[in-house]
Amino acid sequence: MTATKEYLAESELQKPTGRFGTRHYVVFMLFLGMANAYVMRTNMSVAIVAMVNQTAIEHEAEVFDDECPDTDYGEPEDPADRKDGEFLWSTSLQGYILSSFFYGYVITQIPFGLLAKRYGAMKFLGWGMLINSVFAFLVPIAARQGGAPWLIVIRFIQGLGEGPIVPCTHAMLAKWIPPNERSRVGSIVYSGAQFGTVISMPLSGLLADHGFDGGWPSIFYVFGIIGTVWSVAFLWTCHEDPITHPTIHEDERKYIQQSLWGKAGVNIPPIPWKSISRSLPFYAILLAHLGQNYGYETLMTELPTYMKQVLRFSIKANGTLSALPYLAMWIFSIGVGWVADWMLTSGRFTHTLTRKISNSIGQYGPAIALIIASYTGCNRALTVAILTIGVGFNGGIYAGFKINHLDLTPRYAGILMAFTNCSANLAGLLAPIAAGNIIEGKPTIAQWRIVFVIAACVYIFTATFYNIFASGTRQPWDNPDNDEPQKPVSIEAPAYENGHSNIANGTTTTNGTNGTTTTYRANNAAEQRQ
């Protein structure tokens, strides 16, 4: 069985007038939401340094390699200028605090993917981030009144609230973005992760040193306010899809709907689990996602440790340098997204070829950088440059496998992303575990080379599997022509007024027996013409 033509040709679609439409506003809000999510995820790693009394707790003797000379970068810290925190938390306890958010985040990926398919993604995303933001205000209270146990609980709940961010964002992109805009839009939205990190790291450090209420609490108050404002604005101004949006221009609504679904209505039948489980293009995305998280954790977590233990220089000691790789990835990912969409609209490249080229840049590039970094010896400047370039190239994934779910199945993209993102986050845990076992007690250049080469091999294997089995075409199991016939229902809505669609023009119903969701479109004469 082969899929029929999945979308109307570009020449058959009439693009809406105006450069900034409702879909662009939704993209902008999703970008800010992704940035806010990563701010909430990373700010504790900066805050905990200021929270803990570093001089009062016992430190294990850190092992350094003596192959490279001591660095002379930076001025030595004056102990008199050091501000010690108010908590006596061991290093292992700090690890539990930092990981508590992650566990809450991971366990909600698949449930929210399923719920978004059945009930819609927008409200889960908005309310989830609102919970995340509101509970940020409780972090200082929990730490001071209840200690580490209550802080772990609060951070775990924050992680639960952030769980919808990726699967629900994917589900909304599937409903709002035409196929030939997916590369650049996906790159823009998901690059919010790097943008949020670039903003969070230096600003959190500044607030920890000069903020109110003792410094570090202001990190959670400030970002809690920002997150709450975004959540309320998102819930107030954004809508699930173009059909239910009350003020979208009719020409933009019709352009989005016809580019995604053709001239038929939008019918979402039950999830074809058996077909998905047999889909090689799905497994291509899954493996690419697993390899990405393993390699990314090695790049961003282990290379700084390498520079501290072997090169005697910690890149995290300098806020500008620590933000450089994220900044490079943010800029490069947006550029790759625009180029990928140009490739599609030029007619010279298929969706499949475009995804494979973009993903090859995003995964082979960091693999080569890791191998080179393992042979740079004691050259600190070159190692920093390789780290920045490698992570920068990694931005190609956003026009590769990261947006590929939408090509395979616009109707089930959020669910597929929930499964791949959950699995990939679990795989990301293996990177520090593997590195720790390899370099334990002997952090030599030779041992670190093993760490880097393993990560590079993971990148290369998963990227190659993706290049062999990936597809950019809509799959037969998501072909509306293959859906079981639905009982016809006639719903007429009021006519359009002043070029805008009325909210009554789209009505969504859910069959509680089989979970089938059908959106009935307005009975508009213009839509009946073939």
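Residues numbered from 1 in each chain as written. Predicted model: local features only at pLDDT ≥ 70, side-chain atom pairs only at ≥ 80, totals over all residues. Heavy atoms only, no water.

Section: the packing of aromatic side chains
What describes a pair of aromatic rings is the distance from one ring centre to the other and the angle between the planes of the rings. Considering all chains together, one arrives at 14 aromatic pairs under this definition. Taking 5.6 Å as the distance between ring centres and 75 degrees as the angle between the ring planes, the aromatic pair formed by Phe102 and Tyr103 counts as edge-to-face. Phe102 gets classed as buried once you look at its relative accessible area, which sits at 19%. Ring plane angle 45 degrees and centroid distance 4.7 Å describe the contact between Phe465 and Phe469, whose orientation is recorded as tilted. Of this pair, Phe465 and Phe469 both sit in helix H19 (residues 445–469), separated by four residues, roughly a single helical turn. Ring-pair connections join several aromatic residues into one group, and the members of that group are Phe31, Phe195 and Trp330. Sitting over the face of the ring of Tyr105, Arg41 holds its NZ or CZ atom 4.4 Å from the ring centroid. (Phe/Tyr/Trp six-rings, centres within 6.5 Å; stacked < 30°, edge-to-face > 60°. Buried < 20%, exposed > 50% of the residue type's maximum accessible area, 1.4 Å probe, protein only. Helix = DSSP H or I, 4+ residues; strand = E, 2+ residues; numbered from the N terminus. Lys NZ or Arg CZ within 6 Å of the ring centre and 35° of its normal.)

Describing the UniProt feature "transmembrane region" (unreviewed entry) in the chain
Summarizing the sequence annotation, UniProt attributes the feature "transmembrane region" (unreviewed entry) to residues 20–39, 93–112, 124–143, 219–237, 323–345, 381–401, 413–434 and 446–469 in the numbering used throughout. The distance from the first to the last C-alpha atom of residues 381–401 is 32 Å, and the span holds 67% helix and 0% strand. (UniProt positions renumbered as here; feature names shortened; annotations may be inferred.)

Let's talk about the packing of helix H1 (residues 22–51) against helix H5 (residues 138–162)
Following both chains from N to C, one finds H1 and H5 inclined at 160 degrees, their axes separated by 11 Å at the closest point. The orientation of H1 with respect to H5, classified from their angle, is roughly antiparallel. Seen along the crossing, H1 lies across H5 with a hand that is left-handed. In contact with Ala37, Tyr38, Met40, Arg41, Asn43, Met44 and Met51 of H1, H5 contributes Val139, Ala143, Leu151, Arg155, Gln158 and Glu162. Partitioning the contact of H1 with H5 into residue classes produces eight nonpolar, two polar and three charged. (Axes fitted to C-alpha atoms, helices over the stretch in contact; angles between N-to-C directions. Parallel < 35°, antiparallel > 145°, perpendicular 65-115°, else oblique. Left-handed = near helix turned anticlockwise from the far one by under 90°. Contact = heavy atoms within 4.5 Å. Nonpolar A, V, L, I, M, F, W, Y, C, P; charged D, E, K, R; others polar.)

So, the side chain of Ser191
Relative to the helices and strands, Ser191 is located in the loop between helix H7 (182–190) and helix H8 (192–210). Residue class for Ser191 comes out buried when judged on its relative accessible area of 0%. A distance of 2.8 Å separates a polar atom in the side chain of Ser191 from the backbone oxygen of Ile188. With sequence-adjacent residues up to four places away left out, Ser191 is seen in contact with Phe31, Trp330, Ser333, Ile334 and Tyr398. (Polar contact = N/O pair within 3.5 Å; in protein donor to acceptor, adjacent residues only side chain to side chain.)

What to know about the packing of helix H4 (residues 122–136) against H5
Each packed pair of helices is defined by two parameters, the angle between the axes and the distance between the axes. At their nearest, the axes of H4 and H5 sit 9 Å apart, and the two run at 170 degrees to each other. If you check the angle between H4 and H5, you find them roughly antiparallel. Along its contact with H4, which presents Gly128, Met129, Ile131, Asn132, Val134, Phe135 and Ala136, the element H5 presents Leu138, Val139, Pro140, Ile154, Ile157, Gln158, Gly161 and Glu162. When its residues are assigned to classes, the contact of H4 with H5 shows ten nonpolar, four polar and one charged.

Description of helix H9 (residues 216–237)
Counted at 1.5 Å a residue, the expected span for H9 with its 22 residues is 32 Å, and the 32 Å between its end C-alpha atoms agrees. In this structure, the buried side of H9 is in contact with H1, H4, H5, helix H6 (165–176) and H8. (Expected span 1.5 Å × (residues − 1).)

Section: the environment of Ile152
With respect to the helices and strands, the residue Ile152 is situated in helix H5. Residue Ile152 is classed as partly exposed on the basis of its relative accessible area of 24%. Residues Ile152 and Tyr96, spaced 56 residues apart in sequence, show a C-alpha to C-alpha distance of 7.5 Å. Discounting chain neighbours no more than four positions away, the residues touching Ile152 are Tyr96, Ile97 and Ser100.

Points about the pattern of salt bridges
Evaluated as defined, the whole model comprises ten salt bridges. Among the ionic pairs, Glu181 bridges to Arg23, the shortest N-O distance being 3.0 Å. A residue pair is termed long-range when its members are at least 10 positions apart, and Glu181 in the loop between H6 and H7 and Arg23 in helix H1 qualify at 158 residues. With a relative accessible area of 7%, Arg23 lands in the buried category. If you follow the salt bridges from partner to partner, you end up with Arg23, Glu181 and Glu252 in one network. (Salt bridge = Lys/Arg side-chain N within 4 Å of Asp/Glu carboxyl O.)

A look at the nonpolar core
Core analysis: the biggest nonpolar cluster contains 74 residues, and Leu30, Leu125, Ile165, Met172, Leu173 and Phe234 have the highest contact counts within it. Top contributing element to this core by residue count: H19, with nine residues. Composition of this core by domain shows at least three residues from each of domain 1 (21–59 + 82–263) and domain 2 (271–476). Discounting chain neighbours no more than four positions away, the residues touching Met172 are Val26, Leu30, Ala121, Met122, Leu125, Phe234, His239 and Glu240. One finds Met44, Val52, Leu207 and Phe223 within the second-largest nonpolar core, a separate group that totals 23 residues. (Core = buried A, V, L, I, M, F, W, Y, C linked by side-chain atoms within 4.5 Å. Domains from an automatic or database assignment.)

Details of a nonpolar patch on the surface
The grouping of Tyr103, Leu426, Leu429, Leu430 and Ile433 at the surface amounts to a nonpolar patch, some 460 Å² of accessible area in total. Mapped onto the elements, Leu429 comes out in the loop between helix H17 (413–428) and helix H18 (430–439). Residue Leu429 is classed as partly exposed on the basis of its relative accessible area, which comes to 31%. (Patch = residues over 30% accessible without salt bridge, like charges linked within 9 Å, V, L, I, M, F, W, Y side chains within 5 Å. Areas by Shrake-Rupley, 256 points an atom, 1.4 Å probe, with all protein chains shown as cover.)

Considering the environment of Gly291
Mapped onto the elements of the fold, Gly291 is located in helix H12 (residues 280–309). Classification of Gly291 by relative accessible area gives buried; the value is 1%. Counting along the chain gives 169 residues from Gly291 to Ile460, while the straight-line C-alpha distance between them is 8.4 Å. In this view, Gly291 contacts Gln363, Val458, Tyr459 and Thr462; residues no more than four positions away in its chain are not counted.

Looking at H17
For H17, spanning 16 residues, the distance from its first C-alpha to its last is 22 Å, which sits close to the expected 22 Å at 1.5 Å a residue. Summarising burial for H17: 13 of the 16 residues are buried, a large majority.

Describing the side chain of Thr409
Tracing the chain through its elements places Thr409 in the loop between helix H16 (401–408) and H17. For Thr409, a relative accessible area of 0% corresponds to the buried category. For Thr409, the side chain forms a polar contact with the main-chain nitrogen of Tyr412, separated by 3.0 Å. The residues touching Thr409, leaving out its near neighbours within four places in the chain, are Leu416, Trp477 and Asp478.

Comments concerning the confidence of the model for the chain
Here the chain shows a mean pLDDT of 78. Residues at 70 or above account for 76%. Per-element mean pLDDT across the chain ranges from 34 in helix H20 (residues 525–528) up to 93 in helix H14 (residues 351–373). Throughout residues 1–11 the model reports pLDDT below 50, and contacts reaching past four residues in sequence, or to other chains, amount to 30 contacts. (pLDDT = per-residue confidence, 0-100.)

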